[in-house]
Amino acid sequence: MKKFQTLLYYCYSPIAEAEQFAADHLKFCKSLGLVGRIIVADEGLNGTVSGTRKACAVYMEAIHADARFAKTEFKIDDVEEPTFIKMHCRYKSEIVHSGLRDTSIINPNEKTGKHLEPAAFKDMIDQEDVIILDVRSNYEHSLGRFKNAITLDIENFRDFPEKIAELEQYKDKKVLTYCTGGIKCEKASALLLHHGFNDVYQLHGGIIKYGKEAGGEDFEGKCYVFDNRIAVDVNTVNPSVVSTCYSCGTTTAKMINCANPECNEHITQCDECGTKLEGCCSEACLAHPRKRPYDGTGYYVKVPQPVNLSYK
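Criteria and thresholds
Residues numbered from 1 in each chain as written. Predicted model: local features only at pLDDT ≥ 70, side-chain atom pairs only at ≥ 80, totals over all residues. Heavy atoms only, no water. Salt bridge = Lys/Arg side-chain N within 4 Å of Asp/Glu carboxyl O. Helix = DSSP H or I, 4+ residues; strand = E, 2+ residues; numbered from the N terminus. 1 Å grid on protein atoms, 1.4 Å probe; cavity = no way out; pocket = protein on both sides within 12 Å on 5 of 7 lines; lining within 4 Å. Points joined across faces, edges and corners; volume = space filled by probe spheres on them. Nonpolar A, V, L, I, M, F, W, Y, C, P; charged D, E, K, R; others polar. Contact = heavy atoms within 4.5 Å. Pairing = 2+ DSSP bridges. Axes fitted to C-alpha atoms, helices over the stretch in contact; angles between N-to-C directions. Phe/Tyr/Trp six-rings, centres within 6.5 Å; stacked < 30°, edge-to-face > 60°. Buried < 20%, exposed > 50% of the residue type's maximum accessible area, 1.4 Å probe, protein only.

(A) Spotlight on the pattern of salt bridges. Going through the model one piece at a time under the given rule, you end up with 22 salt bridges. Here E73 ties to K209 by a salt bridge, and the two come within 3.6 Å at their closest N and O atoms. Placement of the pair is E73 in the loop between helix 2 (53-65) and strand 4 (75-79) and K209 in helix 7 (residues 206-214), with a sequence separation of 136 residues. Taken together, the shared-partner salt bridges in this structure form one network comprising E73, E117, K209 and E213.

(B) Local environment of the layout of surface pockets. Approximately 270 Å³ is the volume found for the second largest pocket. Residue lining of the second largest pocket: 15 residues in total, with Y10, K71, H115, E186 and H204 positioned closest to the centre. Of the residues forming the lining of the second largest pocket, the biggest block, 3 residues, is contributed by strand 1 (residues 4-12). Of the residues contributing to the lining of the second largest pocket, the split by class is 4 nonpolar, 7 polar and 4 charged.

(C) Broad picture of the side chain of D134. Positionally, D134 belongs in strand 7 (residues 130-134). With sequence-adjacent residues up to four places away left out, D134 is seen in contact with H141, G144, R145, I150, T151, L152 and Y178.

(D) Representation of the sheet that holds strand 10 (residues 200-203) in the model. A sheet is described by the order of its strands in space; here 4 strands give the open sequence 6-10-9-7, paired in parallel fashion. Edge positions in the sheet fall to strand 6 (114-116) and strand 7, since each of these pairs with one other strand and no more. Strand-to-strand twist across the sheet, computed as the mean angle between neighbouring axes with direction ignored, equals 30 degrees. Two strands pair when backbone bridges link them, and strand 7 and strand 9 (residues 174-178) are joined in this way by 5 bridges, in the parallel orientation. Note on strand 9: the bridge partner recorded for L133 is T177. Across the face of the sheet, helix 6 (residues 183-194) comes into contact with strand 6, strand 7, strand 9 and strand 10 while running at roughly 175 degrees to strand 10.

(E) Region of interest: the packing of aromatic side chains. As enumerated under the stated definition, the model contains 14 aromatic pairs in all. The interplanar angle of 25 degrees and the centroid separation of 6.2 Å between the aromatic rings of F28 and Y59 together place this pair among those described as stacked. With F28 in helix 1 (residues 18-31) and Y59 in helix 2, this pair connects stretches of sequence that are 31 residues apart. Overall, the relative accessible area of 27% leaves F28 in the partly exposed class. Aromatic ring contacts, followed pair by pair, group F121, F146, Y178, Y210 and F219 into a single cluster.

Take a look at the structure:
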């Protein structure tokens, strides 16, 4: 049995004095010896934390004991070692940035797409009147995606609202949205409904839950995750690799961040090119004076910042 676990979760639930909650929650997580990244906003929580099995159990129990977060679902991975180095807990305006000037036009607690459990999602994806919509960023879907999924050319989820016009042709279809853990779909599906799409669904628990409960069938490639694993396997039924090396074009499932911190581009890169370019995406980045040492992982620890209680 592996000694550590990684928990992926979110919960849309109003938090009063969310800035102070973030500061207090950071202390609580550190008291348990957890590492990870949590975003706190007035609208709820979005986090990935990692630690011993006991610490993770205590953390989940504490979250569920709070009436505001009692409905939180945790996706649990057993891991050989903690998947973060530091503990971050920050207050932000949203737990996932929607890109909306007026965020009040949607409320995931009131109206979103119909939630589909993995088995139901699997049953629907091959129907003729269905389209599968990946609402994640370019670097995520370049690494892995569902077979026949529609992907969007976006650098961040906040660009999603600008792409809705491109989807108008699918208004008469059943639109099945998916993302890593489900959180982006809550807002993406709500936005589609707001713009007149009538038959919108979302994969409950996202790709991660689909892998655990449906074997990940027909998910091609790997799933990008926001910790130092970078990518995880999902499909145990008919796995494949769809990503190619940014530098030479050979097939590879390895994703890194460019070693130049002023670039920091997410790229897929084979080990041979990684060694040659020392984890950089180009010769220019290789020559950059701030280039970080490359240890073969392409993962770089962010320096934690204190919670700013004066920020509104």
